[in-house]
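Below, each chain spelled out in residue letters.
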Amino acid sequence: MRPARLVVLGRPGAGKGTQCQRLARHYQLPHVSTGEMLRALAGTDVGRRARDSIDAGDLLADDVMVEMVAERLGHDDVRRVGFLLDGFPRTLPQAEALPGLIEPATIDVAIHVEVAPVVVAARLAGRLAGSQEQQRRRDDADDVVARRLQLYEAETAPVVGWFADQGLLATVDGLAPVEEVTARLMEVVDQALA
Ligand code: AMP
């Protein structure tokens, strides 16, 4: 298969992480999740500085994120087979930086996994209630969830429009069982790569 360069967008709680894991496995693509990359830095200086913003539901600075993604997208595996970007770009400046990070290649498709705000808010409240104390993501607390959703509408929703303007956007209804959403996503990816 030729390299695939995919972006998955969606509100916090839309099931993006789960779907990206499934897609990455199916298409054998490096899953480049900025949230995971930041959490993996926990013991380091950068990680400690990032933690306050993450715990507050805030976004990290664009230049930090662009640099981190640029580094990852420069690796051999990505150059060979492509990537599945999860959690980036989250702001317009990040979106505008992306083409420069991968040129002369381009994104095949950006897929928006769409789930309404009221639904994701309820899902995230459930994630908090259902999780073990130790495993609980601190950014799932009520006030932080509200902040993350608010920032999504302000900063990330315009990114969806930006991909639409480039003719690269596909939208998939995320309100269905996990397998069903995966099947819909695969249909979109297969079409984009055909
Ligand atoms: P996620 O696991 O994608 O929900 O990311 C967890 C947290 O990491 C976010 O709430 C942000 O604080 C931070 N983060 C992840 N990706 C980005 C990004 N592209 N830009 C800014 N902050 C980010």
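S.K.: Could you clarify how one ought to interpret helix H4 (residues 62-73) in this entry?
M.R.: Three or four residues apart is the spacing at which side chains of an α-helix point the same way, because the helix has 3.6 residues per turn. Between its terminal C-alpha atoms H4 stretches 16 Å, which fits the 16 Å expected from 12 residues at 1.5 Å a residue. Buried within H4 are the following residues: Met65, Val66, Met68, Val69, Arg72 and Leu73. What you see down the axis of H4 is that its buried residues fit within an arc of 165 degrees, all on one side. For H4, the exposed residues set more than 90 degrees away from the buried face come down to Asp63 and Glu67. Where the residues of H4 are buried, they touch strand E2 (31-33), helix H2 (34-40), helix H5 (76-81), strand E3 (82-86) and helix H6 (92-102).

S.K.: Could you clarify how one ought to interpret the packing of aromatic side chains in this entry?
M.R.: Within a pair of aromatic rings, the relevant descriptors are the distance that separates the centres and the angle that separates the planes. Applying the stated rule across the entire model yields 1 aromatic pair. An angle of 80 degrees between the planes, with centres 5.1 Å apart, marks the rings of tryptophan 162 and phenylalanine 163 as edge-to-face. Given the relative accessible area of 14%, tryptophan 162 is considered buried.

S.K.: I tried to follow the sheet that holds strand E4 (residues 109-114) on my own but got confused; where do I start?
M.R.: Paired through backbone hydrogen bonds, the strands of a sheet run either parallel or antiparallel to each other. Here 5 strands make up an open sheet; going across it, the order is E2-E3-E1-E4-E5 and the pairing parallel. Only two strands of the sheet have a single neighbouring strand rather than two, namely E2 and strand E5 (169-173). For this sheet the average axis-to-axis angle between neighbouring strands, irrespective of direction, equals 25 degrees. With 4 bridges joining them, strand E1 (residues 4-9) and E4 adopt parallel strand pairing. By the bridge assignment, leucine 9 is partnered in E4 with histidine 112. Sheet contacts for helix H1 (residues 16-27): E1, E2 and E3; angle to E3, the most-contacted strand, approximately 170 degrees.

Calculation criteria
Residues numbered from 1 in each chain as written. Predicted model: local features only at pLDDT ≥ 70, side-chain atom pairs only at ≥ 80, totals over all residues. Heavy atoms only, no water. Helix = DSSP H or I, 4+ residues; strand = E, 2+ residues; numbered from the N terminus. Expected span 1.5 Å × (residues − 1). Buried < 20%, exposed > 50% of the residue type's maximum accessible area, 1.4 Å probe, protein only. Arc of directions from axis to C-beta. Contact = heavy atoms within 4.5 Å. Phe/Tyr/Trp six-rings, centres within 6.5 Å; stacked < 30°, edge-to-face > 60°. Pairing = 2+ DSSP bridges. Axes fitted to C-alpha atoms, helices over the stretch in contact; angles between N-to-C directions.

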